[in-house]
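# Notes for the structure review
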Amino acid sequence: MPPLSQLPSSFEMTKNDSESSIGASVRSYLLPFVRYWWVCIPFIIASSYYKYYQLSKLPITYSSKAEMMLMGQLAIAENSYYREYHANFFGNEAELMHSPIVRDQAIERMKALYPQIVAKGGWANVQAIPRKDSSTFDLSASGNDPEYTRLFLDISMETYLSYRDQSRKSRTDLTLNQINIEIARLEREIQNEEDEIQNFKTTNNVIFIQEQASSASSSLVGIKKQLEDRYDQLKMIQLRKKNEQKTAEVTIPDDTLTSDALAQVNSPMFNALQRMQQLKSEQARFSKVLRDVHPKMKYFENEIKQIETNIEVYKRQFITEATKRAEVLKVEEKKREENLNLEIEYFSTLVESKEKECVELSRKLGEFERMNSRLERKKQLRNQKLSSIEGVNFAKNVVVEPISIVKFATPASAVRVDLFKETVNGGLIGLGIGLSIIFVFSRWTTTVYTEHDLPINDKAKPIAYIPRINFHKAKGRVPLLTPDDNRYAFMEAFRNLRSYILADYPIQKNNRAQFISVTSAIPSEGKSTVSSNLALLFAYSGHKTLLIDADMRQGTQHKSFNLENKKGLTELLQGKIEIKDCIQHNATGELDIITRGEAMMNSSELLLTNYCRSMFKEFESRYDYIIIDTPPVMATDDVANLVNYVDAIFIVARISLSTRKTLASALRMLNTRHGKIGGFVLNSCDATSTDYYRYKYYGNYGKAK
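The structure reproduced in this document is the subject of the present report. (Residues numbered from 1 in each chain as written. Predicted model: local features only at pLDDT ≥ 70, side-chain atom pairs only at ≥ 80, totals over all residues. Heavy atoms only, no water.)

### Digging into the nonpolar core
Judged by nonpolar contacts, the single largest core of 46 residues is most densely connected at Leu569, Met615, Phe616, Phe619 and Ile628. Not counting the four nearest positions on each side in its chain, Met615 is found in contact with Leu569, Leu572, Leu573 and Ile579. Counting 33 residues, the second largest nonpolar core, distinct from the first, contains Ile469, Phe490, Met491 and Ala539. (Core = buried A, V, L, I, M, F, W, Y, C linked by side-chain atoms within 4.5 Å. Buried < 20%, exposed > 50% of the residue type's maximum accessible area, 1.4 Å probe, protein only. Contact = heavy atoms within 4.5 Å.)

### Some details on the pattern of salt bridges
This structure, assessed with the given rule, holds 34 salt bridges. For Glu189, the salt bridge goes to Lys378, with nearest N and O atoms at 3.4 Å. Remark: Lys378 occurs in helix α10 (residues 295-397) and Glu189 occurs in helix α6 (residues 146-203); sequence separation between them is 189 residues. A salt bridge links Lys378 to Glu193; the nearest nitrogen and oxygen atoms lie 3.4 Å apart. Here Glu193 lies in helix α6 and Lys378 lies in helix α10, a separation of 185 residues in the sequence. Under the relative-accessibility criterion, Glu193 is labelled buried at 7%. Salt bridges sharing common partners tie together Glu182, Arg185, Glu189, Glu193, Glu196, Arg374 and Lys378. (Salt bridge = Lys/Arg side-chain N within 4 Å of Asp/Glu carboxyl O. Helix = DSSP H or I, 4+ residues; strand = E, 2+ residues; numbered from the N terminus.)

### So, unusual backbone geometry
A positive phi angle, close to 70°, is found at Ser656, a residue other than glycine. Along the chain, Ser656 falls in the loop between β14 (648-654) and α20 (660-672). Using a relative accessible area of 36% as the deciding quantity, one classes Ser656 as partly exposed.

### As for the packing of helix α2 (residues 40-56) against helix α11 (residues 419-444)
Where α2 contacts α11, the axes come no closer than 7 Å and their chain directions differ by 145°. Where α2 crosses over α11, the handedness of that crossing is right-handed. A class-by-class count of the residues in the contact of α2 with α11 yields twelve nonpolar, eight polar and two charged. (Axes fitted to C-alpha atoms, helices over the stretch in contact; angles between N-to-C directions. Left-handed = near helix turned anticlockwise from the far one by under 90°. Nonpolar A, V, L, I, M, F, W, Y, C, P; charged D, E, K, R; others polar.)

Spatial relationships are all this shows, so hold off on functional conclusions.
As structure tokens, this is what we get:
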């Protein structure tokens with residue numbers, strides 16, 4: 001059997017083939033706002049009314065305007081320059097204008113200058129706003145009395161300028177005081193440094209120390225060179241000793257000794273060798289004509305042996321003399337090595353002593369130079385402080401205030417509040433509050449509104465969309481489909497579901513039926529309506545179909561088809577009746593129905609019996625398709641027990657009722673039992689929504705002309 005995921009492209013069920021996934025996601029976000037827009041109405045009304053009531057109770061206020069400008073500041077010092085203030089200056093000065101200290105001083109001046117106006121109970125607030133692209137402040141004052149408002153604005157500007165001038169002078173006085181304190185401290189430190197230098201000179205002759213350090217340094221260099229020379233000589237002796245040890249381990253061959261003797265041409269050994277070679281030559285010449293026993297040949301042999309004996313004596317004498325010479329050289333080298341070690345020890349001690357002397361002299365010179373350096377730095381710092389006093393005095397007495405009044409306060413005029421505009425703004429605030437509540441609620445809840453809210457994966461995808469229809473709620477159920485039903489959108493949705501199943505589950509050559517399970521995660525999601533109408537659509541298409549109400553606790557198929565419920569699936573599984581006794585026929589002729597029978601709570605055990613397996617085997621040989629209305633997955637374990645019998649499980653999800661959490665839990669439970677998930681059937685879709693727009697065309701197109 002092919003898996004449900006491998007569908008022919010002609011039967012792929014998509015929400016809108018022409019729309020992108022981004023657009024669909026946006027609609028899923030907007031749907032809660034469209035559905036719950038009415039939540040914003042009470043917030044809009046309440047906020048608008050509150051704003052209107054608040055403004056209507058406000059007293060009449062008056063406003064006065066003024067301007068202040070930032071001028072350039074001329075600073076004359078050692079190098080003249082013209083400086084402009086930075087941009088953040090405006091924000092700081094605006095905060096100063098609004099500060100309580102300026103306001104309190106302005107109120108005190110008003111009381112002192114205009115007691116009659118203050119006695120009327122006037123009040124005013126000043127606001128300073130820096131003008132963009134300009135070095136100007138726009139000042140405004142609002143109050144309950146026009147004259148008080150104008151005067152308070154003028155006095156506030158004068159108080160602000162006076163406070164700035166006093167602050168500048170107080171800062172310069174404080175700066176001068178700090179500089180004088182710093183200069184006094186530096187004077188004391190300079191005096192201490194000079195005393196310390198004088199004490200050092202008293203105990204140390206600086207010139208002599210400098211000359212002595214130079215001499216010690218030169219002497220140290222010469223001693224180190226001699227020490228290095230002694231080390232080199234000692235290394236040469238040690239290297240020669242190692243070579244002689246290696247030579248002594250090797251046996252000197254006789255021919256080497258003979259060669260050494262040959263180097264001495266006048267030696268007896270040289271003469272013996274020449275005589276032996278001469279005899280050997282004559283012996284070889286006579287051996288050609290004489291036998292070995294001839295007296296002449298015996299003579300040659302005896303002479304040669306005698307000479308060889310003499311040569312051996314000469315060799316022993318040569319070795320003895322060479323050994324004596326080597327011993328003498330060893331004794332001399334040992335004495336030389338001892339002398340070198342003594343000289344190295346002496347020079348090393350001398351170097352160590354000279355280095356200590358140089359270090360001590362360098363320390364004294366370094367200490368003297370550091371004292372001089374500290375003294376110079378402190379003198380320079382004192383001179384800088386003395387120079388800064390002149391600049392501070394200049395800033396205190398000469399510098400002109402950079403801010404000046406450009407336009408004094410204008411006569412105050414009444415400020416009229418636009419009630420309509422403010423009321424609309426209040427309504428917008430209420431609208432924002434309502435939209436925020438809807439957004440938070442939509443993100444907090446997991447209710448399914450569109451197919452994008454489903455827990456979709458590779459095995460569970462939406463494959464059918466059942467539109468919401470109106471029905472008599474007093475009867476409690478949706479009327480079943482008829483062949484000439486005028487609910488065209490409803491009919492077409494089930495036809496699409498039937499086509500999907502027929503495409504993926506065709507009838508095989510052995511006429512084997514296909515078992516289709518229709519379930520839901522929780523009750524009231526419409527699984528019974530979907531299973532009954534799906535069975536009818538199969539029967540209308542000429543397929544022999546069986547509808548089994550397997551919800552043995554709360555099944556309602558007998559009510560949907562107006563059938564008796566005395567003999568049903570419960571009695572059949574209990575073995576009280578046979579299959580033929582519980583099958584009821586529908587008027588279509590191709591649809592048989594097995595109702596639930598008597599309600600019972602332990603239905604899960606009945607589905608695990610061998611009789612249940614044999615029953616499904618018999619249904620397989622009788623029918624083309626078997627539709628099983630199973631209980632909700634999260635309510636009972638019946639669906640999990642049926643997974644081995646069915647070929648596909650379709651999960652019904654109801655718009656605005658099902659939740660993503662319960663659907664995901666149902667999927668996990670079915671996957672744990674290795675259930676064959678066919679997909680989601682989305683029930684109660686809004687045909688007027690853009691997500692399911694195609695259903696609104698069925699109403700007109702479905703009518704025959």
